[in-house]
Amino acid sequence: MTSAPSDSLVVFRIGEQEFAIGVAAVQRVVRAVEISPMPEAPRGVRGVINLQGRIVPVFDLGVRLGQPAREVRASDHLLVARTSWRKVALLVDSVEGVVAGQSAEITPAAEFLPELESVSGVMKLDDGLVVVHDIERFLTIENHAALDLALNLAP
């Protein structure tokens, strides 16, 4: 991934909807690999992958957004990101590119979706709207604890 200003956003697609997270949190984008299931994982956690010797949980954003679970396709991607507490992988259909933050018109989520804590805003692009997620607020404290427990139970 080429260097981009820290306020830039990585835009990705899940189904027909586009989403974004801050480029500063993204470490890499890789093609989807085999995901090992993880019993006792919180809702929306697809499983784990081995990424250069580290076990990384994989979040199925489609499931977290209320879509039915589906098989992982060869065309899917994993967006590997770093939160303040752990590295995570986000299962997405595709990565569309990087948008410079200063050139994007972003409406804060508090103006229309105050109950969605992980959404920081909605960005208007020429071809539609993009929901911008705050990766740091993506998991609740309860999800974080359940994920830790599931990772510790994994063989």
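None of the values given here were measured: they were computed from a predicted structure.

S.K.: Can you walk me through the sheet that holds strand β3 (residues 26–31) in this structure?
M.R.: Either a parallel or an antiparallel arrangement is found when strands of a sheet pair, and the pairing is made through backbone hydrogen bonds. Across the sheet, 5 strands lie side by side as β3-β6-β7-β5-β4; this open sheet has mixed pairing. This sheet does not close on itself; its edge strands, each paired only once, are β3 and β4 (45–51). Taken over all neighbouring pairs, the strand axes of this sheet differ in orientation by 30 degrees on average, direction set aside. In terms of strand pairing, β4 meets strand β5 (residues 54–60) through 6 bridges, oriented antiparallel. Within β5, the position partnered with Leu51 by the bridge is Arg54.

S.K.: Is there a simple way to think about the pairing of strand β6 (residues 77–82) in this case?
M.R.: Judged by how many residues are buried, β6 sits mostly within the fold: 5 of 6 residues are covered. As paired elements, β3 and β6 share 5 bridges and run antiparallel to each other. Each residue of the ladder has a partner; that of Val26, found in β6, is Ala81. Sheet analysis places β6 next to strand β7 (residues 87–92), joined by 6 bridges and oriented antiparallel. Bridging across to β7, Val80 finds its partner in Ala89. The turn joining β6 and β7, which pair antiparallel and follow one another in sequence, is formed by 4 residues.

S.K.: Even after reading the chapter, I still don't get the pattern of salt bridges, so can you show me in this structure?
M.R.: Opposite charge on two side chains permits pairing when their charged atoms draw close. A complete count under the given rule lists 7 salt bridges for this structure. In this structure, Glu96 and Arg13 form a salt bridge, with 3.8 Å as the shortest nitrogen-oxygen distance. With Glu96 in strand β8 (residues 94–99) and Arg13 in strand β1 (residues 9–14), this pair connects stretches of sequence that are 83 residues apart. Close ionic contact of Asp93 with Arg73 constitutes a salt bridge, the shortest N to O distance being 3.3 Å.

S.K.: What should I look at first to understand the sheet that holds strand β9 (residues 105–108) in this one?
M.R.: Read from one edge to the other, the open sheet built from 6 strands follows the order β8-β1-β2-β11-β10-β9, with strand pairing classed as mixed. Only two strands of the sheet have a single neighbouring strand rather than two, namely β8 and β9. Averaged over all neighbouring strand pairs, the angle between strand axes comes to 30 degrees, with direction disregarded. Relative to β8, β1 runs antiparallel, the two sharing 5 bridges. Looking at the pairing, Val11 lines up with Gly97 of β8.

Definitions and cut-offs
Residues numbered from 1 in each chain as written. Predicted model: local features only at pLDDT ≥ 70, side-chain atom pairs only at ≥ 80, totals over all residues. Heavy atoms only, no water. Pairing = 2+ DSSP bridges. Helix = DSSP H or I, 4+ residues; strand = E, 2+ residues; numbered from the N terminus. Axes fitted to C-alpha atoms, helices over the stretch in contact; angles between N-to-C directions. Buried < 20%, exposed > 50% of the residue type's maximum accessible area, 1.4 Å probe, protein only. Salt bridge = Lys/Arg side-chain N within 4 Å of Asp/Glu carboxyl O.

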